[in-house]
Amino acid sequence: MPNLLLLEPVGGVAGDMFLAAALDLGVDRATLEGALRTLPVAGFRLDVTPAEAGGIAGTHVDVVVDGVPEGERNLSEILEVVDKSGLSPRAKGAARSVFERIARAEARVHRVAVEDVHFHEVGAVDSIVDVCGAAVVLETLGWPRLVSPPPELGHGFVEMAHGRLPVPPPAVLEILKGVPFRPGGPPGEAVTPTGAAILATLAEVAEPGQLPALVPERIGYGVGTSRWPDRPNLLRLTLGREAAGRDLWVLEANLDDCPGQLVARAIEAALASGALDAWAVPLTMKKGRPGLLVGALAPGDRRDEVAGVLLSETTTLGVRYHAVGRIELERELVPVATAYGAVRVKVARRAGAIVGAHPEYDDCLARATEHGVPVKEVLAAAVAAFRAGPAAR
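Q: Where do I start with the overall build of the protein chain in this structure?
A: Scanning the protein chain for helices and strands turns up 11 helices and 18 strands. In terms of C-alpha radius of gyration, the protein chain reaches 22 Å, essentially the compact-globule figure of 21 Å for 393 residues. Each principal axis of the C-alpha atoms in the protein chain carries an extent, and together these give about 60 × 60 × 45 Å. Split into buried and exposed, the 393 residues of the protein chain put 49% on the buried side. Expressed as a percentage of contacts within the protein chain between residues at least 6 apart in sequence, the contacts between residues at least 24 apart total 69%. On the protein chain, roughly 17,900 Å² of surface is accessible, and the fraction owed to carbon and sulfur atoms is 54%.

Q: Quick question: what am I supposed to make of the side chain of Thr316 here?
A: With respect to the element layout, Thr316 can be found in the loop between helix H9 (303-313) and strand E15 (320-324). Side-chain polar atoms of Thr316 contact the backbone oxygen of Gly318, separated by 2.7 Å. Contacts of Thr316, omitting those with residues within four sequence positions, involve Ala253, Asn254, Leu255, Leu310 and Leu311.

Q: In this structure, what is going on with the pattern of salt bridges? I would like to understand it.
A: A side chain of one charge can pair with a side chain of the opposite charge if their charged atoms are brought near each other. In the structure shown here, the tally under the stated rule is 28 salt bridges. Of the charged contacts in the structure, one is a salt bridge between Asp256 and Arg289, with a shortest N-O distance of 3.1 Å. Highlighted residues: Asp256 in the loop between strand E12 (248-255) and helix H8 (260-272) and Arg289 in the loop between strand E13 (277-284) and strand E14 (290-299), separated in sequence by 33 residues. With a closest N to O distance of 2.7 Å, Arg349 and Glu332 form a salt bridge. Placement of Arg349 in strand E17 (residues 341-350) and of Glu332 in strand E16 (residues 330-338) is noted, with a sequence separation of 17 residues between them. The network of salt bridges with common partners includes Asp83, Arg96, Glu100, Arg265, Glu268 and Glu313.

Q: Whenever I open this one, helix H2 (residues 29-36) confuses me. Can you help?
A: An α-helical segment advances 3.6 residues per turn. Residues three or four places apart therefore align on the same side. For H2, the set of buried residues is Leu32, Glu33 and Leu36. End-on, the buried residues of H2 take up no more than an arc of 90 degrees, which puts them together on one face. Here the buried face of H2 lies against helix H1 (15-25), strand E2 (44-53) and helix H5 (125-140).

Q: Looking at this structure, I do not really get the pairing of E16. What am I missing?
A: Along any regular strand, the residues point their side chains to alternate faces of the sheet. The pairing of E16 with E17 spans nine bridges and is classified as antiparallel. In the sheet register, Ala337 faces E17, and the bridge partner there is Ala342. Connecting the antiparallel pair E16 and E17 is a turn made up of two residues.

Q: I would appreciate a short explanation of H5 in the present structure.
A: Taking 1.5 Å per residue as the helical rise, H5 with its 16 residues ought to reach 22 Å, and the 22 Å between its terminal C-alpha atoms agrees with that figure. Directly after H5, the chain includes Gly142, whose backbone phi takes a positive value near 85 degrees.

Q: How do you make sense of the sheet that holds strand E18 (residues 353-359) when you look at a structure like this?
A: Two orientations exist for strands paired in a sheet by backbone hydrogen bonds: parallel and antiparallel. Taken in spatial order, the three strands make up an open sheet running E16-E17-E18, and their pairing is antiparallel. The sheet terminates laterally at E16 and E18, the two strands that pair on one side only. With direction set aside, neighbouring strand axes in the sheet form an average angle of 30 degrees. Bridging between E17 and E18 involves six bridges; their strand directions are antiparallel. In the sheet register, Arg350 faces E18, and the bridge partner there is Ala353. Those strands touched by helix H11 (residues 375-387) are E16, E17 and E18, and its axis lies near 105 degrees from that of E16.

Q: Looking at this model, I keep getting lost on the nonpolar core. Mind explaining?
A: As a rule of thumb, nonpolar side chains are buried together in soluble globular proteins. Of all hydrophobic cores here, the largest spans 68 residues; its most connected members are Phe18 and Leu39. Broken down by element, the residue count for this core peaks at 10 residues, all from H5. Not counting residues within four places of it along the chain, the set of residues in contact with Leu39 comprises Phe44, Val81, Ser85, Ile128, Val129 and Cys132. Counting 19 residues, the second largest nonpolar core, distinct from the first, contains Ala253, Val263, Val294 and Val306.

Q: Which parts of the structure should I look at to understand the sheet that holds E14?
A: Spatially, E13-E14-E12-E15 is the arrangement adopted by the four strands of the open sheet, whose pairing is antiparallel. The open sheet has two free edges, formed respectively by E13 and E15, since each of these has just one partner strand. Taken over all neighbouring pairs, the strand axes of this sheet differ in orientation by 25 degrees on average, direction set aside. Sheet analysis places E12 next to E15, joined by five bridges and oriented antiparallel. Paired with Glu252 across the bridge in E15 is Arg320. Its contacts with the sheet put H8 on E12, E13 and E14, and the angle it makes with E13 is roughly 150 degrees.

Parameters at a glance
- Residues numbered from 1 in each chain as written.
- Predicted model: local features only at pLDDT ≥ 70, side-chain atom pairs only at ≥ 80, totals over all residues.
- Heavy atoms only, no water.
- Helix = DSSP H or I, 4+ residues; strand = E, 2+ residues; numbered from the N terminus.
- Rg over C-alpha atoms; globule rule 2.2 N^0.38 Å.
- Buried < 20%, exposed > 50% of the residue type's maximum accessible area, 1.4 Å probe, protein only.
- Contact = heavy atoms within 4.5 Å.
- Areas by Shrake-Rupley, 256 points an atom, 1.4 Å probe, with all protein chains shown as cover.
- Polar contact = N/O pair within 3.5 Å; in protein donor to acceptor, adjacent residues only side chain to side chain.
- Salt bridge = Lys/Arg side-chain N within 4 Å of Asp/Glu carboxyl O.
- Arc of directions from axis to C-beta.
- Pairing = 2+ DSSP bridges.
- Expected span 1.5 Å × (residues − 1).
- Axes fitted to C-alpha atoms, helices over the stretch in contact; angles between N-to-C directions.
- Core = buried A, V, L, I, M, F, W, Y, C linked by side-chain atoms within 4.5 Å.

Written out as structure tokens, the structure is:
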């Protein structure tokens, strides 16, 4: 099962280039568009076309807005769009985190409160689609570890809603605080605010020598609109398996004074920040107080970030952690056709032999909602369709 996604900003990073590279990689267009149609915004479509740059064939994506004024949105309005969508909780959390990072950067640049930030380029429908689309892509791929070398941001000037700004624009630099990048690059804006926020929020950015070894399986190229004189304007995505094992950590905190809503948010935020799993279980604490144990499983390079989320989102005064190992089964998402529509089944294998097959709950819930039937009927139909598949698997 591929578990690593390498992002290479050959010519730059933008939200539409990420979607284009993902589609070129083989992400199912119908799945992506189906998820995006659940956004409570109307009048947009994906224009997907073959393209090339520097003699390399790839895919170009435009988010076309038909007759709907883009206007401005503040952060709360954008987050409401995300929350009211049909995206999974983890995808919603990822999209929220991206927009929250952009809002904090804009607030810092313009010296205003976060709630007073009004988005221009990023508040447009196309950028909402780009950010939510990126979350859907990662969800569709099974949330692989997303890694990238430091991007070059470009140089010169760019026209934006606030006027003529230097490249990189101030908001892009603010978004990338704490993230390595290289000065220079092509003449123009190589990394957009949306692209910078996707990198800073959803990816690990490190020097090539610090990136994990990768066994490539699928490769996709997203072609940008601009043409650079010294390089092809491409974003390359390589999906594969991590060649070496990685360290894993369990993080835990005991809570006896934390509202349930905050616990739910902490789990969502931990997953969005890179935790592989997160949970809460009841326990009895000192003086017989009922409480909760909140925990998360995180790779070593995300341990401190996940710990920071638990510290900031809950009432705990500390987070303990310890290293663990685990044995993983090979996993694959296999689409099956049912009377209610397509459902993905997660297939687990050991030494090539199938040891388990479980329909994706979010898919089954969506099909059940569409047809007005109990979820268990769709679950059963998906299991039956898988068992009746090619040579009974």
